[in-house]
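Tertiary structure, described
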Amino acid sequence: MLGSTLDKGAGPRRWNRWRPTVDLHRHDDLLVDRLELIVPRQGQRLAAAVVQDIASVSPETTVRTHRLDFEDPWDFEEVYTGLLDFVRGLTFRDSEDYLVHISTGTHVMQICWFLLTEARFVPGRILQTSPEAGNAGPGHVRIIDLDLSSYGAIRSRFEAQHREDVSFLKRGIETRNLRFNALIDQIETVAMRSRAPMLLTGPTGAGKTQLARRIYGLLRDRGRVHGRFVEVNCATLRGDQAMSTLFGHKRGAFTGAVRDRAGVLAEADGGVVFLDEVGELGLDEQAMLLRAIEDRRFMPLGSDAEVHSDFGLIAGTNRDLRACVAQGTFREDLLARIDLWTFELPGLAQRPEDVEPNLEFELDRFAAAHGRRASFTRTARTRFLDFAASARARWPGNFRDFAGALTRMATLAPKGRITPAVVREEVERLEQRWGRAEHAEFPRVASALGAAAADLDRFDAAQLEEVLRVCAEAPSLSAAGRVLFAASRARRRSVNDADRLRKYLAKFDLDFATASAV
Amino acid sequence: MTTPVEIDGSEGEGGGQILRTSLALSVITGVPVRLRNVRAKRAKPGLRRQHLAAVRAAAVVSGAKVHGDAVGSTSVRFEPAALVSGHHTFAIGTAGSTTLVLQTVLWPLLLAEGPSEILIEGGTHNPMAPTFEFLERTFLPQVRRLGVDADLVLERHGFYPAGGGRLRASLRPSRLRPFTWSDRGEARGVDARALVSNLPPGIAKRELGTSLAALGWPRQAGTSLRVESGGPGNALVLAASFESGCTVVSSIGSKGRRAEDVARDAAREMQCFLDQGAPIDEHLADQLLIPMALARGGAFVTAAPSLHTRTNASVIARFLSVQTSFTQREDGLWHVEVTETGAAPPGDR
């Protein structure tokens, strides 16, 4: 890029100054065969002078000038797209070696060149030049290969960051299952490079929601998203409410629509929405969702104006969506749109190596939540691990079951020691529970109440399931209460949400610690 | 095809001189040359731009096929075809020197059947390279004694960094014959010229003042000259003439270098030559070896021959059936003699 200030100079004295574009051609150990010089409208005369000086110091060099104007050379979007278009107009050959001289232009231009080179739009290396003391010579040249394999220091920093990110996605758990670790690696890579939807599949309790939340956390920490994380379980959405929850509604759009509602897709503008159980979504909602993904636009219920939302989508399912497509319950085009990146999370039974690291993690989590630490006796630990990794342990609720077992044992541990007796009781409890028909519809209820779940009416089980879901996501009893009783709270009818929730849970012999662990 | 001569750049003084001598003799003999470990002993090994300019110029005058002609390349294969006399223009950057490129193509073209007109554009007064004045006043008169029929014209000065100088050489077919320089003979006079271009004339005055005083030369021996060129430039040229010839010593001014230091460097080198008492100075000694070898004989007396000169002699022996002997005399000076060996050199087989 012609340096409108740095490359300036008239009269013989110009040779006393460091002029990056001219001096680039004065090095004895660098020969530029061809220079593609980008010149703005107001730089034409300067460019002619620079080209003449280059011809004098480096007759071997062919110079081609390109007119490129920026209204605001400090505007990232304009500069990036302008340079990208320029680069796309060039023909790159394998037989040539390309250097991108970034020492002229605005800082925004330098950053954009760096990005274009890093993203391999320019198959070359970065060329950095700088003046030397007293301007006695052409200055210094540094060639930076962004192909990180040869750039040790940055690479090790990069790898450390990558490790950190991956560990973040695994909630800091040092998992050992190779397949799982490879999966997390891949998710990290995709999350950092792509804005396309992701589909997380796997059995219930395998950690889809947790992982979606961690992916969002990673994106936010790395500045890739700045909006909110909104999650919704599509299995809980029916009819008007489904449309309204996802896309929002105008007041009076349907009976009960007393106020405008934004909807989760609008709330997740600039952020990420996690649609769990996406296979449960009705066909109408699927059609709207497809359009919202493709155009970033959708129509709230009862509205005559489209809403724009730039949301990232993570979808979760434990169903075989291809089978759903075959049955006609899931749109093929929507599936094609969301399963570009499909990650299948293995259940706990498929990851016996990870039982032990997760055991430590759950104990730490218990300690952090309850302010007291529980630990296994040596024998008890061995017995529990043996059981947990054995074929007897089916872990149908996966990590939800596992966390529940640990929470119970830690709660019951006399003086904080989880003894073989405690383990034995827990194993019996688990086996008894797993021996019964699974409450596939209400997995949290099944996990929290065990055998007693079968005695609940469907009416109560559905309500408890939702309460348990909120508890699992809430940091405290009070926080869960605020969410569950938000409407009453708005009308100032309830002043003690926590107490109301505690009493509700007590009816099922549950406390918040147990409820939030399922 | 003829077996190429293999030259290992890591032997002896592994500089650009090996390259230029090898290229010139490869073109003259028609024997390909393969250079390995080019400039192996240098901080940044491999060809630099000025060497590349020499390789490409040699390729132009001989229609050669070249492999490895890139900056940083440590291995070059050069296969000359046929000598092309006539008009040639070589544009080289300021990083290179017109005089060094001339050295590379001069001998082949003098031995061609037709005359040549060479125009070289670039630097004419570079540090680490002979200045035009050295070629004009020291080198050319001496090689004319060996039978060289040539004229050199400086059409425009070219200083580092702006360059833009022009050196024209008219070369006519020459038959080289042996010659011997044994004594300096009588002193014929001294002079000092300070050249400035686009710089305050005070620089020239200070350089002349300092150098003349250091050498004890009369003030009227000094001349300051303002010359035209594309950028700022300065050179101090000192000359001492004897019956045996004229010796020119130059020092090039550069940004940040004081005029007095430029002057003292030149004066010290001149004083050193004057004290030695030999007719041929170190730089000319280097330049005479090729024409003497082509003349198949000749001798000169010089002070200590440099590693540069000895390396040059050994490269020449790889192409031509000559040998160079270095013999120290009782007075400490060295007698350097080129003789024909009769045996074909390795490269001729």
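For the structure given in this document, a descriptive report is provided here. (Residues numbered from 1 in each chain as written. Chains lettered and ligands numbered in written order. Predicted model: local features only at pLDDT ≥ 70, side-chain atom pairs only at ≥ 80, totals over all residues. Heavy atoms only, no water.)

1. Here we look at unusual backbone geometry
Apart from glycine, the bulk of residues carry a negative phi angle, and the bulk of peptide bonds sit in the trans form. With an omega of 10 degrees, the peptide bond between Tyr160(B) and Pro161(B) qualifies as cis. Mapped onto the secondary structure, Pro161(B) falls in the loop between β7 (149-156) and β8 (165-172). Unusually for a residue other than glycine, Arg296(A) sits at a positive phi of about 60 degrees. Although it is not a glycine, Met128(B) adopts a positive phi angle of roughly 65 degrees. Here Met128(B) is to be found in the loop between β6 (116-122) and α4 (132-144). (Helix = DSSP H or I, 4+ residues; strand = E, 2+ residues; numbered from the N terminus.)

2. Considerations on the side chain of Asp281(B)
All names here are of chain B. Looking at where Asp281 falls in the secondary structure, it is placed in the loop between α6 (259-276) and α7 (282-294). Of the side chains with opposite charge, Arg184 lies nearest to the buried Asp281, which makes no salt bridge, at 8.9 Å. Residues in contact with Asp281, not counting those within four places in the same chain, are Phe134, Thr138, Thr247, Phe273 and Thr302. (Buried < 20%, exposed > 50% of the residue type's maximum accessible area, 1.4 Å probe, protein only. Lys, Arg positive; Asp, Glu negative; His and termini not counted. Salt bridge = Lys/Arg side-chain N within 4 Å of Asp/Glu carboxyl O. Contact = heavy atoms within 4.5 Å.)

3. Points about the pattern of salt bridges
Residue and element names in this part refer to chain A. In the structure shown here, the tally under the stated rule is 59 salt bridges over all chains. With a closest N to O distance of 3.9 Å, Asp310 and Arg296 form a salt bridge. One end of the pair, Asp310, is in the loop between β10 (307-308) and β11 (312-317); the other, Arg296, is in the loop between α10 (283-295) and β9 (297-298), with 14 residues separating them in the sequence. Residue classification places Asp310 among the partly exposed positions, given a relative accessible area of 35%.

4. Regarding the packing of helix α6 (residues 178-193) of chain A against helix α7 (residues 208-221) of chain A
Residues and elements named next belong to chain A. Two elements in contact, α6 and α7, have axes whose closest approach is 10 Å; the angle formed by their N-to-C orientations is 45 degrees. With respect to their mutual orientation, α6 and α7 come out oblique. For the pair α6 and α7, the sense of crossing is right-handed. Where α6 abuts α7, its residues Ile184, Ile187, Glu188, Ala191 and Met192 lie against Leu211, Ile215, Leu218 and Leu219. (Axes fitted to C-alpha atoms, helices over the stretch in contact; angles between N-to-C directions. Parallel < 35°, antiparallel > 145°, perpendicular 65-115°, else oblique. Left-handed = near helix turned anticlockwise from the far one by under 90°.)

5. Concerning the packing of aromatic side chains
Within this structure, the stated rule accounts for ten aromatic pairs over all chains. Here the aromatic rings of Tyr504(A) and Phe508(A) are separated by 5.2 Å at their centres, their planes lie at 70 degrees, and the arrangement is edge-to-face. For Tyr504(A), a relative accessible area of 13% corresponds to the buried category. Aromatic side chains Phe179(B) and Trp181(B) sit 4.7 Å apart centroid to centroid with 65 degrees between the ring planes, which places their arrangement in the edge-to-face category. Grouped by ring-pair contacts, the aromatic residues Phe376(A), Phe384(A), Phe387(A), Trp395(A) and Phe402(A) constitute a single cluster. Cation over ring: Arg184(B) sits above Phe242(B), and NZ or CZ is 4.6 Å from the ring centre. Positioned above the aromatic ring of Phe326(B), the side-chain terminus of Arg310(B) is 4.7 Å from the ring centre. (Phe/Tyr/Trp six-rings, centres within 6.5 Å; stacked < 30°, edge-to-face > 60°. Lys NZ or Arg CZ within 6 Å of the ring centre and 35° of its normal.)

Read these as spatial facts, not as claims about activity.
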